[in-house]
Amino acid sequence: MQKFITALFYFSLLSCFGILSCSVRDSDTLIAHPNVLFIAIDDLNDWVEPLAGHDQAMTPYLDSFSKQAVNFTKNYCTSPGCNPSRSTLMTGLHTFNSGMYSNYQDWRKVPRLAEVPTLGRYFRDNGYYTAGAGKIFHYQQVDTTCWDEYFPSQLQPMPRNYIPDGAPVNMPKFTYMYNAFDWTSIPISDEETGDFKSVNYVSRQLLKDHDKPFFLACGIYRPHLPWYVPQEYFDRFPLDQIRLPPLMDGDTSDLGHRARELITRGGNYHRHVVEAGQWKQAVQGYLASVSFADAMVGRLLQNLENSQYAENTIVVIWSDHGWQLGEKMHWRKFALWENVIRTVQMIKVPKGIRELPAGSVTGGTTESLTSLLDLYPTLVALCGLPAREDLDGQSLVPLLSDPEREIPRPIITTYDFADYSVRYEDWHYIKYVDDNEELYNLEDDPNEWYNLAYSGEFDVIRQKLSDFIPKNAVPLPEESLIELQEHHIPPVKSREYYFSDERREWIKRFEIID
């Protein structure tokens, strides 16, 4: 009998330390505090198979995962820039409630955000082991209280990437061009890339025996510029077969000044790409980089599947915002059209979790509008952490169990201080700092070619969506601004600043269309 009791004690001890893959369980044998694998993909738009944004996209691993998870097909960022999108996700507070609006701020110097625990820190404070690799926060703007360990380090959170000699290689440099605006295959293996090293680090964490539930974050940098990935990924997309994004002649004729400024500023990327004969090459580079990122996701998911933690780990895959490659003659992010603010978001919850015993619906698809802000409260709920009432997002647990449920709500996205997007039902409304407006019915006009804001026929819906815009947004705190580089555009700090002579002088350099 004594031997049996001793054996039972050691069995329980091994279970607690994860050797038998038992996370913290309650008396009903349900997992109270499951593990989390949190995968971020940088600058990934809807050019993935689960969202069908480009019919040539090859993302078999993301497609396979979507058939196991719930796919949030109408998910949106808080702001179409890496820094505000990521910092609001990780703090749970929207831009207009925090003052964090721009890539050109240090979010850690935004007073409101300094008061709140970030997502990783909240898990760490509540008994989780937290570790990560790659880009989760915006480059070096890391919350050092967030992590027990980080690769390569908290001061250098991203592994170094290969840069070819003489870069930029294919895109002729023009005045004020972002130096990384370039694309080419590179003569190295997957194993030599920075993203592989991040995936490898997190995969090694899955080989360990953990004595706490874990929160593991992996930031995959591609398809962020530059689009430098191994040759095999370019080979998947022969240049003579590349299909360009659709354009309509005169598409921008019904846009106001601020919208056209967003299109042409920074040196007018579209004109330079077309004049250089590089449009197809750029699309090829982006598709190749997306395919490479998909391969990295696939490797990490396979390593999870082969680990002892496959049955007790929640998996979240998200991108920080979308991207345009010539639609509306616009390139990059930093705008409020649909394929810039729409993001990837998929969640898989295994069976046996106390908050969701049946697990998430397998292969579920939801068309309810959601936000990256929803991830914080969703993970807090799923992992049995103390609820926080100060978060701006909503828990997605109801949609994980019933993806077809309709939850009507407006989703707000901001750009800078005073440009707003409102998504509601099939409608997309944009109001800019200069009071110009756009209104699109995405069911009838998915490319947003026909601005209905001034037709007079839809004034009631236009006003309804306009009323969702916050009336007392938190100002952008001056102390959070960082030093600008030559290609940067000063963020709009207020309506007064937008119309100021100071800003007009700065913007003159960017060949604005009037």
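The preceding data block contains the structure.
This is a predicted model, so every value here is computed, not measured.

1. Structural notes on empty space enclosed by the protein
In step 1: Tallying each qualifying case throughout the model produces three cavities of 30 Å³ or more.
In step 2: Put simply, the largest cavity is a space of about 250 Å³.
In step 3: At the level of elements, α9 (257-264), α10 (269-275) and β13 (331-332) are the ones that each hand at least two residues to the lining of the largest cavity.
In step 4: When grouped by side-chain class, the residues that make up the lining of the largest cavity number 13 nonpolar, eight polar and four charged.
In step 5: The computed volume of the second largest cavity comes to approximately 70 Å³.
In step 6: When contributions to the lining of the second largest cavity are tallied by element, the ones reaching two or more residues are α7 (194-205) and β10 (227-230).
In step 7: Of all the elements, β10 adds the most residues to the lining of the second largest cavity, at three residues.
In step 8: For the lining of the second largest cavity, the per-class residue count stands at seven nonpolar, three polar and two charged.

2. Structural notes on the nonpolar core
In step 1: Core analysis: the largest hydrophobic core is formed by 66 residues, its most contacted members being F38, F123, W147, F215, W337, I347 and L379.
In step 2: Broken down by element, this core gets its largest block of residues, five residues, from helix α13 (residues 375-382).
In step 3: Beyond its immediate sequence surroundings of up to four residues, L379 is in contact with V36, F38, L119, F123, F215, I314 and V316.
In step 4: Within the second largest apolar cluster, 62 residues are counted, among which are L37, L62, F174 and L301.

3. Considering the sheet that holds strand β20 (residues 427-431)
In step 1: Ordered in space as β18-β19-β20-β21, the four strands form an open sheet in which the pairing is antiparallel. With one partner strand each, in any of the chains shown, β18 (411-415) and β21 (437-441) form the two edges of the open sheet. Each strand axis lies, on average, 15° off the axis of its neighbour in the sheet, ignoring direction.
In step 2: Inspection of the sheet shows β20 paired to β21 by five bridges, in the antiparallel sense. Bridging across to β21, I430 finds its partner in E438.
In step 3: Across the face of the sheet, helix α15 (residues 459-466) comes into contact with β19 (419-424), β20 and β21 while running at roughly 65° to β20.

4. With respect to the sheet that holds strand β17 (residues 370-371)
In step 1: In space, the three strands of this open sheet follow the order β14-β5-β17, with mixed pairing throughout. What marks the edges here is a single partner per strand, and that holds for β14 (342-343) and β17.

5. Topic: helix α3 (residues 82-91)
In step 1: Buried residues dominate α3, accounting for ten of its ten residues.
In step 2: The set of residues buried in α3 consists of C82, N83, P84, S85, R86, S87, T88, L89, M90 and T91.
In step 3: The elements touched by buried residues of α3 are β3 (35-41), α4 (95-98), α5 (111-114), α6 (119-125), β11 (313-319) and α13.

6. Focus: α9
In step 1: In terms of residue burial, α9 counts as a mostly covered element, since six of its eight residues are buried.
In step 2: Considered for burial, the residues of α9 that qualify are R258, A259, E261, L262, I263 and T264.
In step 3: Looking at the buried side of α9, the elements it contacts are β18, β19, β21, α16 (495-498) and α17 (501-507).
In step 4: Two residues or fewer after α9 comes G266, characterised by a positive phi angle close to 80°.

7. Notes on the layout of surface pockets
In step 1: Within this model, the largest pocket holds a volume of roughly 970 Å³.
In step 2: Along the wall of the largest pocket there are 36 residues; nearest its centre are Y139, Y178, Y221, H224 and Q485.
In step 3: Considered class by class, the residues forming the lining of the largest pocket number 17 nonpolar, eleven polar and eight charged.
In step 4: Space inside the second largest pocket adds up to approximately 640 Å³.
In step 5: As for the second largest pocket, its lining consists of 30 residues, and the residues nearest its centre are D46, N339, R342, P446 and N447.
In step 6: Taken together, the residues of the lining of the second largest pocket sort by class into eleven nonpolar, six polar and 13 charged.

8. Observations concerning the side chain of D419
In step 1: Tracing the backbone shows D419 in strand β19.
In step 2: For D419, a relative accessible area of 0% translates into the label buried.
In step 3: Polar contacts involving the side chain of D419 include one to the side chain of R258, which spans 2.7 Å.
In step 4: Within the local environment of D419, its side chain forms a polar contact with the backbone nitrogen of V433, the two atoms lying 2.8 Å apart.
In step 5: Beyond its immediate sequence surroundings of up to four residues, D419 is in contact with R258, L336, T413, T414, K431, Y432 and V433.

What counts and how
Residues numbered from 1 in each chain as written. Predicted model: local features only at pLDDT ≥ 70, side-chain atom pairs only at ≥ 80, totals over all residues. Heavy atoms only, no water. 1 Å grid on protein atoms, 1.4 Å probe; cavity = no way out; pocket = protein on both sides within 12 Å on 5 of 7 lines; lining within 4 Å. Points joined across faces, edges and corners; volume = space filled by probe spheres on them. Helix = DSSP H or I, 4+ residues; strand = E, 2+ residues; numbered from the N terminus. Nonpolar A, V, L, I, M, F, W, Y, C, P; charged D, E, K, R; others polar. Core = buried A, V, L, I, M, F, W, Y, C linked by side-chain atoms within 4.5 Å. Buried < 20%, exposed > 50% of the residue type's maximum accessible area, 1.4 Å probe, protein only. Contact = heavy atoms within 4.5 Å. Pairing = 2+ DSSP bridges. Axes fitted to C-alpha atoms, helices over the stretch in contact; angles between N-to-C directions. Polar contact = N/O pair within 3.5 Å; in protein donor to acceptor, adjacent residues only side chain to side chain.

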